[in-house]
Amino acid sequence: MRLATLAAIGFISVGISGGAWAMPGEGGSAQSSPPSRSAPDFDAADEYRKGIEALKGSNYSAAKASFKKVLDVAPSDAATNFLAGMADAGLNDLKSAQKHYEKALKADKNLVPAHQELGVTYAKLGMRDKAQAELAALQKLDQECAGTCKDAQKIKEAIAAVQAALAAPTQASLQTSPPLLFASAQAGDSAYLDAVGLINEGKYEQAIVSLERAKASFGAHPDILTYLGFANRKLGRYDVAASYYRQALAAAPQHKGATEYYGELMVERGNLDGARAMLAKLDKWCTFGCAEADELRRWIDAKGKPAS
C-alpha cells in the first residue's frame, strides 16, 4: 500500500456508521480526517476524553465508569489501564489500581508513570519487595537513559516518589499528573497525521510511535487502531495486527477499512474462508459497491497480494 502524501489528504467524516474510510486499499490514496473531527461519533473515543476530563476534575467515579467502557473495547491498552488505575487510586481502591497499573506495564514496560504509581501503591499495600522491584525497574530505565532521553526528568521524579513511599508508606500519596492526562485533541491530530506521512514512507516503527501518541489523546479510536494494525502487519507482526483490527471492529462494527484489512490479513495467512466472510460484510454494507470490497475481492481472487 502507498498512501497519499499529506498534501493530498482530504478531510472527510469518518463515523461508526461506516462512512468514508482513511485507507481505501493497497495502492489507493489516503482520505483521512483527524481523529478530533470524527471522534464525536465514536463512543469509545468519546468516553476516553470524558474519562480524562473527569479525572482532571477529581470526579473519580465518573472517570472509572468511562475508562471501564473503553477497556471493554481495548482491554490491554496501556494508557487506558494506567488512567483507570489513577481513577481507582482516587477512590482509594488500591487493589484495583494495582491491577490496572500491572496491566498497563504488561502492555508498555517503559510507561514511567505506571512504574511510579505501581511502586507507590505496592508500598502503601505493604508489598515492599514488589515496590523495590518497581524502583529497580525505574533505576534501570534511568541508567539506560543516562540523562539524555525525553523522559529523563520524569524518571528521576518517579524514582524519588517510590523511594519516599518506601521510607514512609503510610504518608505516600498518588499524585502523578503525567502529560498524557492533558493530551489535547490538536496534539493527537498532529501525531495521527505524522503517522500517515511515516506510513507513506514505509517507516512503520516510527508510525507506531506516532499512533500511540495519538491514542493517548483519543483512546480506542477505530482509525488509529486500524493504522496500528496495518503498520504491525507490514512488520510481519500478524497476531498483533489481528488484535488491533478486532479492537477497531469492536469499537466500530461496520468500519469498512478495518474489515477490508482484516480480510487481507486473513488472505495472507491462508484463511480464505475468513476473508470471504469479511467480504460478505462489505458487500452487505456497500449497496452500490465500494473500494474496500473491490480491493478485498482482488486479494481473494489472487490468493495473496494482487498485482498493482
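J.: Looking at this model, I keep getting lost on a positive patch on the surface. Mind explaining?
T.: Residues Lys 95, Lys 99, Lys 103 and Lys 130 make up a contiguous surface patch of positive charge. No other element matches helix α5 (residues 94-107), which puts 3 residues into the positive patch. Relative to the assigned elements, Lys 95 resides in helix α5.

J.: Could you clarify how one ought to interpret unusual backbone geometry in this entry?
T.: Backbone phi values are negative for most residues with the exception of glycine, while trans is the configuration of most peptide bonds. One non-glycine residue, Ser 58, lies in the positive phi region at around 60°. The topology assignment puts Ser 58 in the loop between α2 (43-56) and α3 (60-73). You can call Ser 58 partly exposed: its relative accessible area is 44%. Even without being a glycine, Asn 92 presents a positive backbone phi close to 65°. Tracing the sequence through the fold places Asn 92 in the loop between α4 (78-90) and α5. Residue classification places Asn 92 among the exposed positions, given a relative accessible area of 61%.

J.: Would you explain the state of the cysteines in this entry?
T.: For the coordinates displayed, the defined rule picks out 2 disulfides. Each sulfur in the disulfide pair Cys 145 and Cys 149 lies 2.1 Å from the other. On the sign convention where negative is left-handed, the bridge of Cys 145 and Cys 149, at about -105° about the S-S bond, is left-handed. Residue class for Cys 145 comes out buried when judged on its relative accessible area of 5%.

J.: Sorry, what's going on with the nonpolar core here?
T.: Side chains that are nonpolar tend, in soluble globular proteins, to be buried together. If you look at the biggest cluster of nonpolar residues, it comprises 85 residues, and the most contacted ones within it are Phe 67, Phe 82 and Tyr 262. The element contributing the most residues to this core is α4, with 8 residues. Once residues within four sequence positions are removed from consideration, Tyr 262 is found in contact with Ala 242, Tyr 245, Arg 246, Leu 249 and Met 278.

J.: Got a minute to help me understand the packing of helix α9 (residues 185-200) against helix α11 (residues 222-234) in this structure?
T.: A pair of packed helices can be characterised by two numbers: the angle between their axes and the separation between those axes. The interhelical angle for the contact between α9 and α11, taken along N-to-C directions, is 25°, at an axis separation of 12 Å. With respect to each other, α9 and α11 are oriented roughly parallel. Seen along the crossing, α9 lies across α11 with a hand that is left-handed. Here α9 contributes Tyr 192, Val 196 and Ile 199 to the contact with α11, which in turn contributes Asp 223, Ile 224, Tyr 227 and Phe 230. Taken together, the residues that form the contact of α9 with α11 break down as 6 nonpolar, no polar and 1 charged.

J.: Explain the packing of aromatic side chains to me, please; I cannot follow it from the model alone.
T.: For any pair of aromatic rings, geometry is given as the distance between the ring centres together with the angle between the planes. Enumeration over the complete set of coordinates arrives at 6 aromatic pairs. Centroid distance Tyr 48 to Phe 67: 6.2 Å. Interplanar angle 70°. Geometry classified as edge-to-face. Here Tyr 48, found in helix α2, pairs with Phe 67, found in helix α3; they are 19 residues apart in sequence, far enough to count as distant. Consider the rings of Phe 230 and Tyr 261, whose centres lie 5.4 Å apart with planes at 70°: the pair is edge-to-face. Separated by 31 residues along the polypeptide, Phe 230 in helix α11 and Tyr 261 in helix α13 (residues 256-268) bring together distant segments of the chain. Side by side, Phe 230 and Tyr 261 carry an identical accessibility label, which is buried. In this structure an aromatic cluster arises from ring pairing among Tyr 204, Phe 230 and Tyr 261.

J.: Got a minute to help me understand the confidence of the model for the protein in this structure?
T.: Caution applies to low-pLDDT regions: their predicted coordinates should not be interpreted in detail. Mean pLDDT over the protein works out to 83, with 81% of the residues at or above the 70 mark. In the model, residues 27-31 has pLDDT below 50 throughout and makes 18 contacts with residues more than four positions away in sequence or in other chains. Residue range residues 37-42 is modelled with pLDDT below 50. Its contacts to residues more than four positions away, or to other chains, number 16 contacts.

J.: How should the packing of helix α6 (residues 112-124) against helix α7 (residues 128-145) be read in this particular structure?
T.: Closest axis-to-axis distance for the α6/α7 pair is 8 Å, and the angle between their directions is 155°. Viewed along their axes, α6 and α7 adopt a mutual orientation that is roughly antiparallel. Crossing angle aside, the handedness with which α6 passes α7 is left-handed. Mapping the contact onto sequence places Val 112, His 115, Gln 116, Leu 118, Gly 119, Tyr 122 and Ala 123 in α6 and Lys 130, Ala 131, Glu 134, Ala 137, Leu 138 and Leu 141 in α7. Of the residues contributing to the contact of α6 with α7, the split by class is 8 nonpolar, 3 polar and 2 charged.

What counts as what
Throughout, a residue's number is its position along its own chain's written sequence, starting from 1. Whole-chain, interface and lining totals are the exception, using all residues; otherwise, since this is a predicted model, local features are given only for residues with pLDDT of at least 70 and side-chain atom pairs are given and counted only at 80 or more. Excluding hydrogens and water, the side-chain values take into account all heavy atoms of the structure. Any residue with relative accessible area above 30% and no salt bridge may belong to a patch, with like charges joined within 9 Å and the nonpolar Val, Leu, Ile, Met, Phe, Trp and Tyr side chains within 5 Å. Reported accessibility uses the Shrake-Rupley method at a 1.4 Å probe radius. Residues are deemed covered only where the shown protein chains occlude them. Put simply, a salt bridge is a Lys or Arg side-chain nitrogen that is within 4 Å of an Asp or Glu carboxyl oxygen. His is not counted, nor are the chain ends; Lys and Arg add positive charge and Asp and Glu add negative charge. The atom standing in for a charge is NZ when the residue is Lys, CZ when it is Arg, CG when it is Asp and CD when it is Glu. Helix and strand labels come from DSSP, where a helix needs a run of H or I of at least four residues and a strand needs a run of E of at least two; each type is numbered from the N terminus. The buried label applies to any residue whose accessible area, calculated with a 1.4 Å probe on protein chains only, is under 20% of its type's maximum; exposed applies above 50%, and partly exposed to all values in between. When two cysteine sulfur atoms lie within 2.5 Å, the pair is treated as a disulfide. For this analysis, a nonpolar core means a set of buried residues of the types Ala, Val, Leu, Ile, Met, Phe, Trp, Tyr and Cys, connected via side-chain atoms within 4.5 Å. The contact rule is simple, with two residues in contact once any of their heavy atoms fall within 4.5 Å. The axes are straight lines fitted to the C-alpha atoms, using for helices just the contacting stretch, and the angles between their N-to-C directions are given from 0 to 180°. Each angle gets one of four labels, with under 35 degrees taken as roughly parallel, over 145 as roughly antiparallel, 65 to 115 as roughly perpendicular, and the rest as oblique. Helix crossings get a hand from a simple test, with the near helix turned counterclockwise from the far one by less than a right angle marking a left-handed crossing and a clockwise turn marking a right-handed one. Basically, the charged four are Asp, Glu, Lys and Arg, the nonpolar ten are Ala, Val, Leu, Ile, Met, Phe, Trp, Tyr, Cys and Pro, and anything else, Gly included, counts as polar. Here is the rule: rings of Phe, Tyr and Trp (six-membered ring for Trp) pair when centre to centre is within 6.5 Å. Planes less than 30 degrees apart are stacked, more than 60 are edge-to-face, and the remainder are tilted. Each residue carries a pLDDT value, the predictor's own confidence for that position, ranging from 0 to 100.

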